[in-house]
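# Coordinate inspection notes
Here is how the chains run, residue by residue.
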Amino acid sequence: MHDDTIPEQDWGLDTLAIRSGHHRTAEQEHGEPIFPTSSFVYGSAAEAARKFGGQEPGNVYSRFTNPSVQTFERRLAALEGGERCVATSSGMSAILSTALALLQAGDEIVASRSLFGSTVSLFDKYLGKFGITTRYVELSDLAAWEAAITPATRLLFAETPSNPLSEVGDIPALAEIAHRHGAWLAIDNCFLTPALQTPIALGADLVIHSATKYLDGQGRAVGGAVVGPDALLQEVYGVVRTCGPCMSPFNAWIFTKGLETLGLRMKAHCANALSLAEWLEAHPAVERVYYSGLAGHPQHELAARQQKAFGAVLGVEVKGGREGAWSVIDATEMLSITGNLGDVKTTITHPGTTTHGRLSDDQKAAAGIREGLIRIAVGLEDIADIQADLARGLDTLV
């Protein structure tokens, strides 16, 4: 009989993305099954009691134990090099669940100023009302991180590369600072995925994902995940079990299948993005391109050191402020005007009025979100077609 019990630690990333995490059922299926069930049946009252009480492993209720979700969790944990993964209903619920699990009133977060707008709202508006304070610093300024930490600091949180300016944080250095002060470091890795960056190997404690983005890769489902050591993830699991921000079995299956092509897709995304960034940098209507793959990017060397490639999200500042940016966006005929990213289809949006629209003017200014800024998440279409579509609007600004 074929033995598929080869130790997963011996596999490369692409093999892990295709083979890991799937525990075959008695049906001996080749593809991963979907378990669209709310509950599970027991052979006796005693068995039910043991499983509900945690004395015996097994499924209890799909809010917190579902085989399809567990397959995705095991696979992503293997890719990130973490002991455990907990899947959630969205990327934002992954951040919320982490905060609820690890923090309490009086604790403090030190976070990068360059965060997704909803993350800032979560930290300030919602965690703030329960007595958790967040201080924001420049992502690349290690002295500022150090200075912002107090005895109450429990968590350092950063996106790297950042959204949408492609700033890069020094993960090993941030980990050293966090651990020296008795805090945890959480890295939002949804822009690069474990195909391009593994923060745990660089010293981070926790990795956060919006699985909605590149883990799926085709814009089909919403979900999130937290990866890290079992001791911390047990607390996150407790939040999901009790509070219920769980991933559906169908979405978990979508993400599991998305992981199978992750390595190939990310290579192709990065190649298109670098080509487009170089083309945009030379266009007379473009004032600045924010992409760490460009040699002139201030953290290009750092990005090359801790990443396998540079991702596929570009910040592009065009002439004419908001009017110029909107005219470029509106002139496109192929690109998708949407706030999502990580899709095989190239997407384009105006961060100042969409993804970061809920930030105050001062917060936008501090985060570098200017009126002429456009975010392009480069897809897998023919690069000449992407360039031609952008040229429709850019050429009118010259």
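## A closer look at the overall build of the protein chain
- Scanning the protein chain for helices and strands turns up 15 helices and 12 strands.
- Burial analysis of the protein chain (398 residues in total) assigns 55% to the buried set.
- Sequence separation of at least 24 residues holds for 72% of the intrachain contacts in the protein chain that already meet a minimum separation of 6.
- For the protein chain, the centre of its 31 positive side-chain charges and the centre of its 46 negative side-chain charges are spaced 5 Å apart.

## Regarding helix α9 (residues 230–243)
- Helix length check: α9 (14 residues) gives 19 Å between terminal C-alpha atoms against 20 Å at 1.5 Å per residue, within 8%.
- Among the residues making up α9, those that are buried are Leu232, Leu233, Val236, Tyr237, Val239 and Val240. Down the axis of α9, the sector holding all buried residues measures 155 degrees, keeping them to one side. For α9, exposure combined with an orientation more than 90 degrees from the buried face picks out Ala231 and Thr242.

## Overview of the sheet that holds strand β8 (residues 286–290)
- Here we have 5 strands laid out as an open sheet, ordered β8-β9-β12-β11-β10, and mixed in their pairing. The sheet terminates laterally at β8 and β10 (336–337), the two strands that pair on one side only.
- Helix α11 (residues 262–281) rests against β8, β9 (313–318) and β12 (373–377) of the sheet, and its axis sits at about 10 degrees to β9.

## Quick word on the sheet that holds strand β4 (residues 153–159)
- As summarised here, the arrangement of the 7 strands in space is β1-β7-β6-β5-β4-β2-β3, forming an open sheet in which the pairing is mixed. Bordering the open sheet on either side are β1 (84–88) and β3 (133–137), each of which pairs with just one other strand. Strand after strand, the sheet turns through a mean of 20 degrees between neighbouring axes, direction not considered.
- Bridge analysis of strand β2 (residues 108–112) against β4 gives 4 bridges, and the strand direction is parallel. Bridge pairing links Val110 to Leu156 in β4.
- Contacts from helix α5 (residues 117–127) reach β2, β3 and β4, with the element oriented near 145 degrees to β3.
- Contacting β1, β5 (184–188), β6 (206–210) and β7 (224–228), α9 runs over the sheet at an angle of about 20 degrees to β1.

## Side note on the side chain of Ser121
- Topologically, Ser121 is positioned in helix α5.
- Leave out the neighbours within four places in its chain, and Ser121 touches Tyr126 and Arg358.

What counts and what doesn't
- Residues numbered from 1 in each chain as written.
- Predicted model: local features only at pLDDT ≥ 70, side-chain atom pairs only at ≥ 80, totals over all residues.
- Heavy atoms only, no water.
- Helix = DSSP H or I, 4+ residues; strand = E, 2+ residues; numbered from the N terminus.
- Buried < 20%, exposed > 50% of the residue type's maximum accessible area, 1.4 Å probe, protein only.
- Contact = heavy atoms within 4.5 Å.
- Lys, Arg positive; Asp, Glu negative; His and termini not counted.
- Charge placed at Lys NZ, Arg CZ, Asp CG, Glu CD.
- Expected span 1.5 Å × (residues − 1).
- Arc of directions from axis to C-beta.
- Pairing = 2+ DSSP bridges.
- Axes fitted to C-alpha atoms, helices over the stretch in contact; angles between N-to-C directions.

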